Amino acid sequence: MKILFFGDIFGRPGREVLRHMLPQWKKEYKPDVIIANGENASHGAGISENAIKEMLGAGVDIVTGGNHSIEGKNADVLLNDAKLPLLRPANMSSACAGKGHRYFTFGNKEILVINLIGQVHMRFHYDSPFLALDNILEENKSGKNANIILVDWHAEASSEKVALAWHVDGRVSAVLGTHSHTPTADARILPQGTGLISDVGFLGPHNSIIGQEISQNLKRFLTQTPIKVDVAQAPPYEINAVFLEIDNASGKTIKIEQVRKIIQEDLKK
Ligand SMILES: [Fe+2]
Ligand SMILES: [Fe+2]
């Protein structure tokens, strides 16, 4: 099975560059499944009906999330809508709307997609992602027993990200990092067949501070004042993804390739 996985889609520029590149990358990579992290899809923080429609309309099959998933005025309704292929991290409070793991069928193959959030340098005290993942994998073993298992691992610290991948090496197909918005150069396959990248990187305005307007974001650091920060302008845009090939019989990753492009063209409609 071939998977194209996009990191955090940041605001309108993120949605624009996704819509621009996806037709070409579909031809080039022929993915069976396209997954994207949508936690920043609406104005840089949160989800909205419009943003989800745009991502699905561009060709995305499954939208994962993170700390911002539960923001946005209709986020609860959207996350609880079983018809939408949406996830939020599994180890968030059980009082949150939505689901943290779901099964999806593509062709004759059932896949399990799991979304998790880290505990290091996060604003809230989430449950252990390690134990949450163990529990989901146990449930899978005694239930549907899908062997293609993808984890969107939404966390800040590379140490925590890499640790989780080693914890589940051979038990999931791939652990794909999101949240830092900055792609890492460590895409690899661990000895027991789990594909890993600490962070896939984001989609959005290239001349920005992880998607946000530079002078406003800088002011936050210089004055230590919590200032509202806008989505930066594009072009240029950047687009980051990973392409995975997974062996259908074993569920192991046989190829993981980082895909990144900077686009100078103005993609506004
Ligand atoms: Fe993000
Ligand atoms: Fe995040």
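So, how was this worked out
Residues numbered from 1 in each chain as written. Chains lettered and ligands numbered in written order. Predicted model: local features only at pLDDT ≥ 70, side-chain atom pairs only at ≥ 80, totals over all residues. Heavy atoms only, no water. Helix = DSSP H or I, 4+ residues; strand = E, 2+ residues; numbered from the N terminus. Rg over C-alpha atoms; globule rule 2.2 N^0.38 Å. Buried < 20%, exposed > 50% of the residue type's maximum accessible area, 1.4 Å probe, protein only. Contact = heavy atoms within 4.5 Å. Areas by Shrake-Rupley, 256 points an atom, 1.4 Å probe, with all protein chains shown as cover. Lys, Arg positive; Asp, Glu negative; His and termini not counted. Charge placed at Lys NZ, Arg CZ, Asp CG, Glu CD. Donors = N, O, S within 2.8 Å, 3.2 Å for Na, K, Ca; no water. Tetrahedral: all angles 85-135°; square planar, octahedral: opposite > 155°, others 65-115°.

(A) Broad picture of the overall build of the protein chain. From N to C terminus, the protein chain includes six helices and twelve strands. A compact globule built from 269 residues should have a C-alpha radius of gyration of about 18 Å, and the protein chain, at 17 Å, falls within 12% of that. Out of the 269 residues belonging to the protein chain, those deemed buried represent 54%. When contacts within the protein chain are restricted to residue pairs at least 6 apart in sequence, long-range pairs at least 24 apart make up 65% of them. Summing over all exposed atoms, the protein chain offers an accessible surface of approximately 12,000 Å²; the carbon and sulfur share of this is 51%. Between the centroid of the 29 positive side chains of the protein chain and the centroid of its 30 negative side chains there is a distance of 4 Å.

(B) Molecular detail of the coordination of the iron ion (ligand 2). Bound to the iron ion (ligand 2) are the protein donor atoms Glu39 (OE), Glu39 (OE), Asn67 (OD1), His154 (NE2) and His179 (ND1), situated 2.1 to 2.8 Å from the metal. Each donor residue of the iron ion (ligand 2) belongs to the same chain, with the gaps between them written as E-x27-N-x86-H-x24-H. If you look at the iron ion (ligand 2) and the iron ion (ligand 1), they sit 3.4 Å from each other and are both ligated by Glu39. Here Asn67 lies in the loop between strand 3 (62–64) and helix 3 (75–79) and Glu39 lies in the loop between strand 2 (33–37) and helix 2 (49–58), a separation of 28 residues in the sequence. Each member of the pair, Glu39 as well as Asn67, carries the same accessibility label: buried.

(C) Region of the structure containing the coordination of the iron ion (ligand 1). Around the iron ion (ligand 1), the protein contributes the donor atoms Asp8 (OD), Glu39 (OE), Asn40 (OD1) and His181 (NE2), at 2.0 to 2.2 Å from the metal centre. Viewed at the metal, the four donor atoms of the iron ion (ligand 1) are separated by angles of 90 to 166°, and the geometry they form is irregular.

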